[in-house]
Amino acid sequence: MEMESVKPQKEHEFLSRLVGDWVMVAGHEGYDPDDPDQRFTETVRSIGGLWVIGEGSGRMPDGDRMTAVITVGFDPAKGNFVGTWVGSMMTHLWVYKGWLEEDGKTLTLEAEGPAFDGSGGTATYHDVLVLHDDNHRSFSGSVRQPDGTFKTFMTSEFRRKS
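Conventions we followed
- Residues numbered from 1 in each chain as written.
- Predicted model: local features only at pLDDT ≥ 70, side-chain atom pairs only at ≥ 80, totals over all residues.
- Heavy atoms only, no water.
- Core = buried A, V, L, I, M, F, W, Y, C linked by side-chain atoms within 4.5 Å.
- Buried < 20%, exposed > 50% of the residue type's maximum accessible area, 1.4 Å probe, protein only.
- Helix = DSSP H or I, 4+ residues; strand = E, 2+ residues; numbered from the N terminus.
- Contact = heavy atoms within 4.5 Å.
- Pairing = 2+ DSSP bridges.
- Axes fitted to C-alpha atoms, helices over the stretch in contact; angles between N-to-C directions.
- Phe/Tyr/Trp six-rings, centres within 6.5 Å; stacked < 30°, edge-to-face > 60°.
- Lys NZ or Arg CZ within 6 Å of the ring centre and 35° of its normal.
- pLDDT = per-residue confidence, 0-100.
- Salt bridge = Lys/Arg side-chain N within 4 Å of Asp/Glu carboxyl O.

In terms of nonpolar packing, the biggest core is built from 30 residues, with Leu15, Val72, Phe81, Leu107 and Leu109 touching the most fellow members. Looking at this core element by element, the count peaks at five residues for strand 4 (residues 65-75). Excluding its chain neighbours within four sequence positions, the residues that come into contact with Phe81 are Glu11, Leu15, Val72, Gly73, Phe74, Tyr96, Lys97, Gly98, Trp99, Leu100, Leu107 and Leu109.

Strand order in the closed barrel formed by ten strands is 1-2-3-4-5-6-7-8-9-10, and the pairing between neighbours is antiparallel. On average, adjacent strands in this sheet sit at an angle of 25 degrees to one another, irrespective of strand direction. Pairing analysis gives nine bridges linking strand 9 (residues 136-144) to strand 10 (residues 150-160), with the strands arranged antiparallel. The residue bridging Phe139 from the neighbouring strand is Ser156, located in strand 10.

Turning our eyes to something else, we now look at the pairing of strand 7 (residues 106-114). Side-chain positions along a regular strand alternate between the two faces of the sheet. Across four bridges, the pairing between strand 6 (residues 94-100) and strand 7 is antiparallel. Directly across from Trp99, in strand 7, lies its bridge partner Thr108. The hairpin formed by strand 6 and strand 7 contains five residues between the paired strands, and Gly104 there has a positive phi angle of roughly 75 degrees.

With that out of the way, let us pick up the packing of aromatic side chains. Taken as a whole and judged by the stated rule, the model has six aromatic pairs. Where Trp94 meets Tyr125, the ring centres are 5.1 Å apart and the plane angle is 90 degrees; that geometry is what we call edge-to-face. With Trp94 in strand 6 and Tyr125 in strand 8 (residues 122-133), the pair connects residues that are 31 residues apart, well separated along the chain. You'll find Trp94 and Tyr125 in the same group, each marked buried. Chaining the aromatic ring pairs together yields one cluster made of Trp94, Phe116, Tyr125 and Phe153. The ring of Trp22 has Arg137 lying over it, and the distance from NZ or CZ to the ring centre is 4.5 Å. Positioned over the ring face of Phe158 is Arg137, at 4.4 Å from the centre of the ring.

As a further point, take the confidence of the model for the protein chain. In the predicted model, the protein chain carries a mean pLDDT of 92, and the fraction of residues at 70 or more is 98%. The lowest-confidence element of the protein chain is strand 1 (residues 20-26), averaging 93 in pLDDT; the highest-confidence one is strand 6, averaging 98.

Judged from the five bridges that link them, strand 5 (residues 80-87) and strand 6 form a sheet pairing that is antiparallel. For Gly83, the partnering residue across the bridge sits in strand 6 and is Tyr96. With antiparallel pairing between neighbouring strands as the criterion, strand 5 and strand 6 make up a hairpin whose turn holds six residues.

Looking now at the pattern of salt bridges. Pairing between side chains becomes possible if they bear opposite charge and their charged atoms approach one another. Counting across every chain of the model gives four salt bridges. Lys10 is the partner of Glu11 in a salt bridge, and the nearest nitrogen-oxygen pair spans 3.2 Å. Judged by relative accessible area, Glu11 falls into the buried class, the value being 13%. According to the relative accessible area criterion, Lys10 is exposed, its value standing at 62%. Among the ionic pairs, Arg59 bridges to Asp37, the shortest N-O distance being 2.9 Å. Of this pair, Arg59 sits in strand 3 (residues 51-59) while Asp37 sits in the loop between strand 1 and strand 2 (41-47), placing them 22 residues apart in sequence.

Assignment of secondary structure puts Val25 in strand 1. Separated by 35 residues in the primary sequence, Val25 and Met60 have C-alpha atoms spaced 14 Å apart.

The structure is reproduced here in structure tokens:
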């Protein structure tokens, strides 16, 4: 059986704008992007124009080094973005289902994962990537609260490396 070739759609074009080398310019309190020992960088590449893979590395607020890998694509059959995230500091595989907001620059990726409250339960998380322009993006993480709202627990700003 022969696989039919898939052509990138507008959602894939959004992802292609993320391809390149990025440096985090603002993050947790005390983060200094000018300190090579602290600097968090991410390289995003494309696979066939349909997927992006981002590999980031740097130092966490507690001083430990970390590496993380994110994959994101758009599945026309499902009508939404799909992806995964793994990090060197945890054993959970985060599986995303996502959507592009009405503004055309905000990608919301939703995942279920371990609750950080020590309860042993799970929680719903949103990782939100905003592509402000081709050289500036932000990333935030939030968790659903009992009242259904989402509380942001981390934010960061990235600039494209020149």
